[in-house]
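What follows is each chain in one-letter form.
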Amino acid sequence: MSDLLVITAAVDGAETMRADNPNVPYTPVEIAEEAVRCREAGAAMVHVHGRLEDGTPTQDRETFGKILKEIRDRSDILVQFSTGGAVWMSVDERIEAVDLKPDMATLTTGTVNFGDDVFMNSMPMIRQIAARLKKHGVRPEIEVFDTGMVDTALRLVKEGLLETPIHFDFVLGVPGAMGARPENLEFLVSMIPEDCTWSVAGIGRHELPLAQKAIAMGGHVRVGLEDNIYVEKGVLAQGSWELVEKVAEFAFSAGRKLATPEEAAAILRVNA
Ligand code: KMH
Ligand code: ZN
């Protein structure tokens, strides 16, 4: 447990489109400029997906290279690549940019219903992604959409594919996956070894209430347009930065300071 709070901004994702919220960044420059606004609002890390000009999701290496460069040119914010991509992508496609060595990359340790789709992560796929992250020395963030994914991550430690302590992100409220009830978060936290770190990403209207709960519990927080497009009921967020600002206000009220990217790297054991 840390007094410092790490805020991650999930600025674009693969599913949120401008038709949902016109402030979703698509191009590498737009994503980088949004990352800067999130850093100014208090985020220490940005979680990114690639997009084509028209918003179509892509995990293309060249696109991720541009995103990384544009962010690094402007900010010291930690950069986390998605390896989840979009539900229809192959695993090879999802991990092709990992050799660019971002600070972190995600790893989902199980298959889950994802709305009407299936987010496929079979054991061979999970091992392939974990091995690729290990090969390039990229620190994983384990994305947990349901309880069994914690057990699978712990199994990967035994297999030598993950190193403990693990950093988990509990993604709660995806339709078809684990619900966003506060007691679910408490249960997940009770499942992980003491020395592990964790954050929560609540989906939709659950984003900000779960952020507050995580702050009170000593965890960390992910917010952004990938997960939720509203800043309050019926009011679209002007950007992920506005959601980060909200979390920063919650943190100050709860007496927690915000981690800088350097402090976040130490807490999350990036480059450790
Ligand atoms: N877009 C989802 C299917 C990740 O970034 O690692 C998967 C996802 C998880 O967003
Ligand atoms: Zn994502």
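Throughout what follows, the structure given in this document is the object of discussion. (Residues numbered from 1 in each chain as written. Chains lettered and ligands numbered in written order. Predicted model: local features only at pLDDT ≥ 70, side-chain atom pairs only at ≥ 80, totals over all residues. Heavy atoms only, no water.)

1. With respect to the site of ligand 1
Condition: One heavy atom within 4 Å of a molecule or strand is enough for the residue carrying it to be called near that molecule or strand. Note on areas: Shrake-Rupley with a 1.4 Å probe; residue coverage comes only from the protein chains shown. When residues are sorted by character, Ala, Val, Leu, Ile, Met, Phe, Trp, Tyr, Cys and Pro go into the nonpolar class, Asp, Glu, Lys and Arg into the charged class, and all the rest, Gly among them, into the polar class.
Every residue close to ligand 1 is listed here: Glu15, His47, His49, Ser82, Gly84, Gly85, Val87, Thr106, Phe114, Phe119 and Glu226. Compared with its free state, where it exposes 300 Å², ligand 1 has 97% of that area covered by protein. Classifying every residue of the shell around ligand 1 by side-chain character gives 3 nonpolar, 6 polar and 2 charged.

2. Considering the coordination of the zinc ion (ligand 2)
Rules: Each metal's donors comprise the N, O and S atoms found within 2.8 Å of it (within 3.2 Å for Na, K or Ca). Water is not part of the atom list, so some coordination spheres may appear incomplete. Secondary structure elements are taken from DSSP: a helix is a run of H or I of four residues or more, a strand is a run of E of two residues or more, and numbering for both begins at the N terminus.
Coordination of the zinc ion (ligand 2) by the protein is provided by His47 (NE2), His49 (NE2) and Glu226 (OE), with metal-donor distances spanning 2.1 Å. Look at where the donors of the zinc ion (ligand 2) fall in the sequence and you get H-x1-H-x176-E. Here the residue His47 occupies a position in strand β3 (residues 45–48), and Glu226 occupies one in the loop between β13 (220–223) and β14 (230–232), the gap between them amounting to 179 residues.

3. Examining the pairing of strand β6 (residues 78–81)
Quick note on the threshold: Categorising residues by exposure relies on relative accessible area from a 1.4 Å probe, with only protein chains included: less than 20% of the type maximum marks a residue as buried, more than 50% marks it as exposed, and the intermediate range marks it as partly exposed. For two strands to pair, DSSP has to find at least two bridges joining them.
Neither face of β6 is exposed, since Leu78 and Gln80 on one face and Val79 and Phe81 on the opposite face are all buried. When β3 meets β6, the two strands line up parallel, connected through 4 bridges. Opposite Val46, over in β6, you have Val79 as the bridge partner.

4. Some thoughts on the packing of helix α7 (residues 207–217) against helix α8 (residues 240–254)
The criterion, for reference: Every axis corresponds to a line fitted to the C-alpha atoms, with the helix fit spanning only the stretch in contact, and the corresponding angles, defined between N-to-C directions, vary from 0 to 180 degrees. Each crossing gets its hand from how the near helix is turned against the far one by less than a right angle, where anticlockwise is left-handed and clockwise is right-handed. Note on definitions: a residue-residue contact is assigned when non-hydrogen atoms from the two residues lie within 4.5 Å.
The geometry of α7 relative to α8 is characterised by a closest axis approach of 10 Å and an angle of 30° between their N-to-C directions. Seen from above, α7 lies across α8 with right-handed handedness. Residue-level contacts link Glu207, Leu208, Ala211, Gln212 and Ile215 of α7 to Leu243, Lys246, Val247, Phe250, Ala251 and Ala254 of α8. The residue inventory of the contact of α7 with α8, partitioned by class, reads 8 nonpolar, 1 polar and 2 charged.

5. Remarks on the packing of helix α1 (residues 28–41) against helix α2 (residues 61–74)
When two helices pack together, their arrangement is captured by the angle between the axes and the distance separating the axes. Packing of α1 against α2 leaves a shortest axis separation of 8 Å and a crossing angle of 35°. Along this stretch, α1 crosses α2, giving a crossing that reads as right-handed. Residues Pro28, Val29, Ile31, Ala32, Glu33, Ala35 and Val36 of α1 lie in contact with α2, whose contacting residues are Thr63, Lys66, Ile67, Glu70, Ile71 and Arg74. When its residues are assigned to classes, the contact of α1 with α2 shows 8 nonpolar, 1 polar and 4 charged.

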